[in-house]
Amino acid sequence: MANASQSAPTTIFTVSQHAQDQDPEETQPSASAVPDASAGRESVMDKIGNWAPFLLIRSAHPRQAVLTAIGMSIAAVLAGLTTREVALIAVTVLVGQAVLGWHNDLVDQVVDRRHERAGKPISDGRLEPGGVWFALCCGVLLVIPLSVTSGTVAGLFYLGSLVIGMLSNVLLRKGLFSWVLWAAAFACYPGYISYAGWAGESAGGPPHWAMIVLAAALGVGVHFLTALWGLVADNEDGWTYLPLKAGLKLGAGKLLGVTLVYIAAVVGGMLYVASSVGLRA
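The following refers to the structure shown. As a convention, each chain's residues are numbered from 1 in the sequence order in which they are written. Where local features are concerned, this predicted model is filtered to residues with pLDDT of at least 70; where side-chain atom pairs are given and counted, the filter is 80 or more; whole-chain, interface and lining totals use all residues. As a rule here, side-chain values come from all non-hydrogen atoms in the structure, and water together with hydrogens is ignored.

We now examine the overall build of the chain. Along the backbone of the chain there are 14 helices and zero strands. Under the scheme used here, helices are H or I runs from DSSP no shorter than 4 residues and strands are E runs no shorter than 2 residues, and both carry numbers assigned from the N terminus. Put simply, the chain runs from its N terminus to its C terminus through helices and strands in the order α-α-α-α-α-α-α-α-α-α-α-α-α-α. The classification of residues rests on relative accessible area computed with a 1.4 Å probe and restricted to protein chains. Under 20% of the type maximum is buried, over 50% is exposed, and intermediate values are partly exposed. Within the chain, the fraction of its 281 residues that count as buried is 41%. Should any heavy atoms of two residues lie within 4.5 Å, those residues are counted as being in contact. Here the analysis covers contacts within the chain between residues at least 6 apart in sequence; of these, 74% occur between residues at least 24 apart. Each accessible area is a Shrake-Rupley result for a 1.4 Å probe, and residues are judged covered by the shown protein chains and nothing else. Here the chain has roughly 16000 Å² of accessible surface; of this, 68% comes from carbon and sulfur atoms.

It is worth spelling out helix α7 (residues 129–149) at this point. Owing to its 3.6 residues per turn, the α-helix aligns residues three or four sequence positions apart on the same side. Its 21 residues give α7 an end-to-end C-alpha distance of 30 Å, which sits within 8% of 30 Å, the value for a rise of 1.5 Å per residue. Where α7 ends, the next residue or the one after it, Gly151, has phi of about 120°, a positive value. By this rule the span expected of a helix is its residue count minus one, scaled by 1.5 Å.

Axis separation between helix α8 (residues 152–168) and helix α9 (residues 178–187) bottoms out at 8 Å; the angle between their running directions is 165°. The angle between the axes of α8 and α9 places the two elements in the roughly antiparallel class. Here the hand of the crossing between α8 and α9 comes out left-handed. Mapping the contact onto sequence places Ser161, Ile164, Gly165, Leu167 and Ser168 in α8 and Leu181, Trp182, Ala184 and Ala185 in α9. Residues are grouped as follows: nonpolar covers Ala, Val, Leu, Ile, Met, Phe, Trp, Tyr, Cys and Pro; charged covers Asp, Glu, Lys and Arg; every other residue, Gly included, is treated as polar. Looking at side-chain class alone, the contact of α8 with α9 contains six nonpolar, three polar and no charged residues. Interaxial angles span 0 to 180 degrees and are taken between N-to-C directions of axes, which are lines fitted to C-alpha atoms, for helices over the stretch in contact. For classification, angles of less than 35 degrees are called roughly parallel, those exceeding 145 degrees roughly antiparallel, those between 65 and 115 degrees roughly perpendicular, and all remaining angles oblique. Left-handed is the label given to a crossing in which the near helix is rotated counterclockwise from the far helix by less than a right angle, and right-handed is the label when the rotation is clockwise.

The next thing to look at is the nonpolar core. Only buried Ala, Val, Leu, Ile, Met, Phe, Trp, Tyr and Cys residues count toward a nonpolar core, and they belong to the same one when joined by side-chain atoms within 4.5 Å. Counting 36 residues, the largest nonpolar core has Ile89, Tyr192 and Ile193 as its most contacted members. Those elements that place two or more of their residues in this core are α4 (62–78), α5 (83–107), α7, α8, α9, α10 (189–195), α11 (209–227) and α14 (252–276). Broken down by element, this core gets its largest block of residues, seven residues, from α11. With sequence-adjacent residues up to four places away left out, Tyr192 is seen in contact with Met72, Ile89, Thr92, Val93, Ser150, Ala154, Phe157 and Tyr158. Core analysis: the second largest hydrophobic core is formed by twelve residues, Ala183, Ala227, Leu228 and Leu244 among them.

Backbone geometry places His61, a non-glycine residue, at a positive phi of 55°. Non-glycine residue Glu116 carries a positive phi angle of around 50°. Mapped onto the elements of the fold, Glu116 is located in the loop between α6 (109–114) and α7.

The salt bridge criterion pairs a side-chain nitrogen of Lys or Arg with a carboxyl oxygen of Asp or Glu, the two atoms within 4 Å. According to the stated counting rule, one finds six salt bridges in the structure shown. Close ionic contact of Asp105 with Lys120 constitutes a salt bridge, the shortest N to O distance being 3.1 Å. Remark: Lys120 occurs in the loop between α6 and α7 and Asp105 occurs in helix α5; sequence separation between them is 15 residues. Given the relative accessible area of 17%, Lys120 is considered buried. Connected through shared salt-bridge partners, Asp112, Arg117 and Asp234 make up one network.

With that settled, consider the environment of Ser194. With respect to the element layout, Ser194 can be found in helix α10. Under the relative-accessibility criterion, Ser194 is labelled buried at 0%. In the structure, Ser194 is positioned 118 residues away from Ala76 in sequence and 8.3 Å away in space, judged by C-alpha atoms.

Written as structure tokens, this is what we have:
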């Protein structure tokens, strides 16, 4: 807005010598009088960023969900599944990971609020916990039929991994055995892929033991990777889990490098086993 002392121009005016002698800069409108175009854009972005469906997606840990779905889809392709079976697995995993993400943020909302963690719509008050619980229940009701559509045995393996994953959000997570449930959850994935079929018809057979062991090892690596971003806050809260102890000794940067090398080695081992003996026993 312009200053109140500046009157609007009229259709009849007199140019006085005093006006001619004025500094041209003084006659220019103030900066506040010029509309800020970026303000309108920011307002639109704020509205989009605070839109409930968008906030639900943010609270679902979307990056981890997408990466897990991609990894499982690639494994399904290498296992020789058809395009529709691979697509079904991708959708199932996306929904399942969203359920895990919502559950994690609901469990951690008090801690997230205390540490003022960014990107947590539940803890910062933009999402009502009751609404997220409703979305989580809807996700569970959706992921169950999606899972068993790949076959009853395959579906039970994936649903088992989800149950273990939700347990890991509340059990053992603060101590030295936090990695156990991560390993157990990932160990279910080969069974899900190995038995996966279409329209409830189980196909294939039991996974090779080496693939189960490597999948469990991958789960431990993913646990270290996801824990890296909260080491400082977890240390302040007195947690004693393995990634934190390793981070205190190595430093976060070195631990990240070691973790990435470890994950790459495990994935390489899985590819070798898949090419030499296959996914199934």
